Amino acid sequence: WITHSVPDYNTLMADVQAFVDAPAERDVPVEEVFSESRWQELKALMAAEGWDVDGTEARWHEDFRSRKIISGFLKDRSIGEKRLASMPDRVTNTIHTRGGSVSCRPTVINCYEGDLGSGDKWWVEWKQFMFATQLATGDGDSKTRPAAMLKPIKRAKYPAVSAEEEAMSLPLQTLSQAIFDAILV
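Everything numeric in this text was worked out from a predicted model, so none of it was measured.

Asker: Would you mind going over the overall build of the protein with me for this structure?
Answerer: A tally of regular secondary structure across the protein gives 10 helices and two strands. Overall, the protein shows an N-to-C arrangement of helices and strands of α-α-α-α-α-α-β-β-α-α-α-α. By the burial criterion, 42% of the 185 residues in the protein qualify as buried. By sequence separation, contacts in the protein at least 24 residues apart represent 61% of the contacts at least 6 residues apart. When the accessible surface of the protein is totalled, it reaches about 9,700 Å², and 51% of it is carbon and sulfur. Looking at charge distribution, the protein has the averaged site of its 22 positive side-chain charges lying 5 Å from that of its 28 negative ones.

Asker: Would you explain the packing of aromatic side chains in this entry?
Answerer: What describes a pair of aromatic rings is the distance from one ring centre to the other and the angle between the planes of the rings. Applying the stated criterion across every chain, the model contains seven aromatic pairs. The interplanar angle of 90 degrees and the centroid separation of 5.3 Å between the aromatic rings of Phe34 and Trp123 together place this pair among those described as edge-to-face. Linking Phe34 in the loop between α1 (7–21) and α2 (36–48) with Trp123 in helix α7 (residues 119–131), this pair joins segments that are 89 residues apart in sequence. In this structure, Phe34 and Trp123 share a single accessibility class: buried. Relative to Trp123, the ring of Trp122 has its centre 5.4 Å away and its plane inclined at 40 degrees; by these criteria the two rings are tilted. An identical accessibility class is assigned to Trp122 and Trp123; each is buried. An aromatic cluster is built from Phe34, Trp39, Trp60, Trp122, Trp123 and Trp126, whose rings are joined through pairwise contacts.

Asker: Honestly, the pattern of salt bridges in this entry has me stumped. Any pointers?
Answerer: Oppositely charged side chains can form a pair if their charged atoms are brought close together. For the structure on display, the rule yields 13 salt bridges. Close ionic contact of Asp115 with Lys121 constitutes a salt bridge, the shortest N to O distance being 2.9 Å. Exposure remark for Asp115: the relative accessible area of 40% places this residue in the partly exposed category. Judged by relative accessible area, which is 43%, Lys121 ranks as partly exposed. Via salt bridges that share partners, Arg59, Lys82, Glu164 and Glu165 belong to a single interconnected network.

Asker: Where do I start with unusual backbone geometry in this structure?
Answerer: Residues other than glycine seldom take positive phi values, yet Ala24 does so here, at roughly 50 degrees. Positionally, Ala24 belongs in the loop between α1 and α2. The phi torsion at Arg83 lies on the positive side, around 60 degrees, for a residue other than glycine. Along the chain, the position of Arg83 falls in the loop between α5 (77–81) and α6 (86–92).

Asker: When you look at α2 in this model, what are you seeing that I'm missing?
Answerer: Helical geometry: 3.6 residues make up each α-helical turn, so side chains three or four residues apart lie on a common side. Relative to the 18 Å expected for 13 residues at 1.5 Å per residue, α2 spans 18 Å between its end C-alpha atoms, a close match to the ideal helical length. Elements in contact with the buried residues of α2: α3 (54–62), α7 and α10 (169–184). Where α2 terminates, the next one or two residues include Gly50, which has phi positive at roughly 90 degrees.

Definitions and limits used
- Starting from 1, residues in each chain are numbered consecutively following that chain's sequence as written.
- In view of the model being predicted, local features appear only for residues whose pLDDT reaches at least 70, and side-chain atom pairs are presented and counted only at 80 or more, with totals across whole chains, interfaces and linings using the full set of residues.
- The side-chain values count all of the structure's non-hydrogen atoms but skip hydrogen atoms and water molecules.
- Per the convention used, a helix needs a DSSP run of H or I reaching at least four residues, while a strand needs a run of E reaching at least two, with both numbered from the N terminus.
- The buried label goes to any residue with under 20% of its type's maximum accessible area, the exposed label to any with over 50%, and the partly exposed label to all in between, with areas taken from a 1.4 Å probe on protein chains only.
- Contacts are assigned to residue pairs that have any heavy atoms within 4.5 Å of one another.
- Areas reported here follow the Shrake-Rupley algorithm with a probe of radius 1.4 Å; residue values treat only the protein chains shown as occluding.
- The charge count includes Lys and Arg as positive and Asp and Glu as negative, but it does not include His or the ends of the chains.
- Lys charges are placed at NZ, Arg charges at CZ, Asp charges at CG and Glu charges at CD.
- Centre distance within 6.5 Å is the pairing criterion for rings of Phe, Tyr and Trp, where only the six-membered ring of Trp is used; planes under 30 degrees apart are then read as stacked, over 60 as edge-to-face, and the remainder as tilted.
- We define a salt bridge as a contact between a side-chain nitrogen of Lys or Arg and a carboxyl oxygen of Asp or Glu at a distance within 4 Å.
- Helix span is expected to be 1.5 Å times the residue number reduced by one.

Here's what the structure looks like:
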């Protein structure tokens with residue numbers, strides 16, 4: 001993090017680092033910050049994109065939901081090696097739009113200006129941004145939604161990704177990004 005002239009900021013950053021280093025009883029299962037009902041909503045949104053969500057649903061139920069948020073998710077090297085959270089973050093964190101503006105994904109790791117005061121407020125904003133917000137990003141009059149900007153994660157470039165994960169990489173990375181952001185809120 002950066003050092004800031006406001007002591008409260010520096011205290012906040014030190015407290016976050018202490019939490020990540022030693023979460024103890026606060027290292028709760030993912031499903032405590034990203035609930036089954038949120039998964040169901042996300043699954044419906046991803047299915048509406050035309051994505052096959054069956055494999056990702058199995059991964060949610062058999063793996064992700066029971067992982068601990070810090071030791072099992074944020075610190076899991078394989079999530080990083082597979083780019084499951086970093087790839088969608090790279091694409092949707094801060095999107096430069098036509099005319100020189102930016103649009104930020106609702107997350108605490110960018111300059112998002114909306115209300116992230118609770119998980120419920122964040123979730124409403126996050127779904128809207130990813131699946132409904134139309135952004136003018138290129139030349140001409142075309143617009144696109146952040147979810148439509150995501151690209152498959154290719155095994156040829158990221159060998160840690162299995163063939164199965166490559167096939168379901170759009171919904172898998174979207175779920176991973178949602179979990180990542182939910183943990184931080």
